[in-house]
Amino acid sequence: MKVSLTIPFYNEEQQIPITLRTLKPILEATGMDYELILVDDGSSDKTWEVIRQASADDSRVIGLHFSRNFGKEAAICAGLDRASGDAVILMDGDLQHPPEHIPEMLAKWQEGFDIIEGVKSTRGKESFSSRLNAQVFYGLFRVFSGYDLRNASDFKLLDRKVVDHWRSLGEHDTFFRGLSAWLGFKRATFSFEVAARQTGGSKWSIYHLAKLSINAITGFSAMPLQFVTFLGMILLAGSLIIAIQTLVNWFSGHAASGFTTVILLQLLIGGSIMLSLGLIGIYLARIFTEVKGRPRYIISDHTESSAQTELIDDNDTRA
Ligand code: UDP
Ligand code: MG
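Given the structure is predicted, the values throughout are model-derived calculations rather than measurements.

Some details on the overall build of the protein chain
- Looking only at helices and strands, the protein chain has eleven helices and eight strands in total.
- Over its C-alpha atoms the protein chain spans a radius of gyration of 25 Å, topping by over 25% the 20 Å that the globule rule assigns to 319 residues.
- In terms of overall dimensions, the protein chain has C-alpha extents of about 90 × 40 × 35 Å along its principal axes.
- A burial count over the protein chain gives 41% of its 319 residues as buried.
- Contacts in the protein chain between residues at least 24 apart in sequence constitute 80% of all its contacts with a sequence separation of at least 6.

The following block contains the structure:
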């Protein structure tokens, strides 16, 4: 039995040695064969040099280097594509997902569960605004998609068969937390406390979080589209009231001649065009991204033998 750990790193040069030092004794103690897949998400600091060194020191450490910053979702995809273990554990590189829970995850896996997910019992030290953002996002996500992901995390163990099914999902814009819920399978949870970061700060910008939120919601639900239709209906109903008023004015002789028809047409055409454009626009944007079929990430460097290079090139072309 072999277990793969996949960890994304973005500008974490100082954190990596600390993470590896903490992780390795825990993995040794399980007595299981393991591999560590460290994904450098296009860092601008020395992250890649540090990973390469770690790989040179220990053959169980595999490094993948992205050609630019593709985001944590892409790094997760790369790790899952590369992992060869019978189970794959995904965790953050900053030890905010405490590795002390790994033996517990493995025990549940051996009991026969296919997905073992970490649930945050506390969200750790977090600013008021990021707590609020998270609440708004998960609230909207629940309304639109029907999945309740409050306190869910990316700290998960997936059985090999789950990973294989994950890899068959074709969409370009993934939302790991949502998609792994969508996959189903026999699931178990464990709760963990989010530890404080030892070095650096959160690597998420508001822009990236907003993008992920929009992708997550539009990828899981067509309800926003219906909302646009609903908005259009309200607009048309409003138009009708103004139309009646305009007609009354006209019949009672208060309106400038010819103006009535102009107002009516303006309201009707304007409302319908906005409604249609909104609908088409959202559909189009998503189809556009998917149809381009670009890879989710590009690996520009890695730390393996040539036989494994082919495997990686293969994965690169997956849409
Ligand atoms: N990360 C990444 N690419 C990014 C942003 C973050 O690979 O564009 C990694 C980061 O190095 C860390 C993990 O994702 O290992 C979680 O990121 P972070 O701690 O910044 O997120 P938070 O804990 O604030 O949710
Ligand atoms: Mg973190």
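Focus: the side chain of D159
- Looking at the element boundaries, D159 is found in strand β6 (residues 152-159).
- Setting aside residues up to four positions removed in sequence, D159 forms contacts with D86, A87, W109 and D114.

Points about the coordination of the magnesium ion (ligand 2)
- Taken together, the protein donors to the magnesium ion (ligand 2) comprise D94 (OD) and Q96 (OE1), at separations of 1.9 Å.
- We classify D94 as buried; its relative accessible area is 4%.

Some remarks on the packing of aromatic side chains
- Counted by the stated rule, this structure contains eleven aromatic pairs.
- Note on F66 and Y297: the rings are 5.2 Å apart at their centroids and 10° apart in plane angle, and the pair reads as stacked. Linking F66 in strand β3 (residues 61-66) with Y297 in the loop between α10 (259-292) and β8 (299-302), this pair joins segments that are 231 residues apart in sequence. There is no split in this pair, since F66 and Y297 are both buried.

Concerning the pairing of strand β7 (residues 187-193)
- Burial of β7 is one-sided: the residues A188, F190 and F192 facing one way are buried, the residues R187, T189, S191 and E193 facing the other way are not.
- As defined by bridge partners, strand β5 (residues 115-122) adjoins β7 across seven bridges and the pair is classed as parallel. Within the sheet, the bridge partner assigned to I116 lies in β7 and is A188.

What about the site of ligand 1?
- Around ligand 1 sit 16 residues in total, of which E12, D41, D94, S202 and K203 are the nearest.
- Within the side chain of D94, one N or O atom sits 2.5 Å away from an oxygen atom of ligand 1.
- Protein contact buries 87% of the 530 Å² of open area that ligand 1 shows by itself.
- Residue composition of the shell around ligand 1, by class: four nonpolar, five polar and seven charged.

A closer look at the sheet that holds β7
- With mixed pairing, the eight strands of this open sheet are ordered in space as β7-β5-β6-β4-β1-β2-β3-β8. A single partner strand is all that each edge strand has here, and the edge strands are β7 and β8. Here the average twist between neighbouring strands, direction ignored, is 20°.

As for helix α6 (residues 160-167)
- Buried residues of α6: V162, V163 and W166, and no others. Take α6 and look down its axis: the buried residues cluster within an arc of 100°, on one side only.
- Looking at the buried residues of α6, the elements they touch are α3 (72-82), β4 (87-90), β5, β6 and α7 (176-182).

Observations concerning helix α8 (residues 206-220)
- The end-to-end C-alpha separation of α8 is 21 Å, in line with the 21 Å expected for 15 residues at 1.5 Å each.
- Considered for burial, the residues of α8 that qualify are L212, N215, A216, I217 and F220.

A look at the confidence of the model for the protein chain
- Per-residue pLDDT for the protein chain has a mean of 84; in total, 94% of the residues score no lower than 70.
- In the model, residues 305-310 has pLDDT below 50 throughout and makes two contacts with residues more than four positions away in sequence or in other chains.

A word on a positive patch on the surface
- A contiguous patch of positive charge on the surface is contributed by R68, K211, K292 and R294.
- Mapped onto the elements of the fold, K292 is located in helix α10.
- A relative accessible area of 36% means that K292 is categorised as partly exposed.

Rules of the game
- Numbers given for residues are sequential positions, taken from 1 along each chain in its written order.
- Throughout, the order in which chains and ligands are written sets their labels, letters from A for the former and numbers from 1 for the latter.
- It should be noted that, the model being predicted, local features are given only for residues of pLDDT at least 70 and side-chain atom pairs only at 80 or more, the latter also being counted only at that level, while totals for whole chains, interfaces and linings use all residues.
- For the side-chain quantities, the full set of heavy atoms in the structure was used; hydrogens and water were omitted.
- To qualify as a helix, a DSSP run of H or I must reach at least 4 residues; to qualify as a strand, a run of E must reach at least 2; elements of each kind are numbered from the N terminus.
- Our radius of gyration looks at C-alpha atoms and nothing else; its globule reference is 2.2 Å times the residue count to the power 0.38.
- Any residue under 20% of the maximum accessible area for its type is buried, any over 50% is exposed, and the rest in between are partly exposed; the area is computed with a 1.4 Å probe on protein chains only.
- Whether two residues touch is decided by their heavy atoms; if any such pair falls within 4.5 Å, the residues are in contact.
- Coordination partners: N, O, S within 2.8 Å of the metal, 3.2 Å for Na, K and Ca; water not considered, so apparent gaps in a site are possible.
- Here a Phe, Tyr or Trp ring, Trp counted by its six-membered ring, pairs with any other such ring whose centre lies within 6.5 Å, and the pair is stacked when the planes are under 30 degrees apart, edge-to-face when over 60, and tilted otherwise.
- Only when DSSP finds a minimum of two bridges between them are two strands counted as paired.
- Residues are classed as near a molecule or strand on a simple rule: at least one heavy atom within 4 Å of it.
- The term polar contact refers here to a pair of N or O atoms within 3.5 Å; inside protein, the definition further demands a hydrogen-donor-capable atom paired with an acceptor-capable atom, and it admits residues adjacent in sequence only when both atoms are side-chain atoms.
- Method for areas: the Shrake-Rupley scheme with a 1.4 Å probe, in which residue coverage is limited to the protein chains shown.
- In this classification, Asp, Glu, Lys and Arg are treated as charged, Ala, Val, Leu, Ile, Met, Phe, Trp, Tyr, Cys and Pro as nonpolar, and every other residue, Gly included, as polar.
- Helix axes are fitted only over the stretch in contact, all axes being lines through C-alpha atoms; the angle between N-to-C directions runs from 0 to 180 degrees.
- The arc in question is the one traced by the directions running from the helix axis out to the C-beta atoms.
- Expected helix span is computed as 1.5 Å times (number of residues minus one).
- Predictor confidence is given residue by residue as pLDDT, running from a minimum of 0 to a maximum of 100.
- Within the patch definition used here, like charges are joined within 9 Å and nonpolar side chains (Val, Leu, Ile, Met, Phe, Trp, Tyr) within 5 Å, considering only residues with over 30% relative accessible area and no salt bridge.
- By salt bridge we mean one thing: a side-chain nitrogen of Lys or Arg within 4 Å of a carboxyl oxygen of Asp or Glu.
- Residues scored as positive are Lys and Arg, those scored as negative are Asp and Glu, and His as well as the terminal groups of each chain are ignored.
- Here the site of a charge means NZ on Lys, CZ on Arg, CG on Asp, or CD on Glu.

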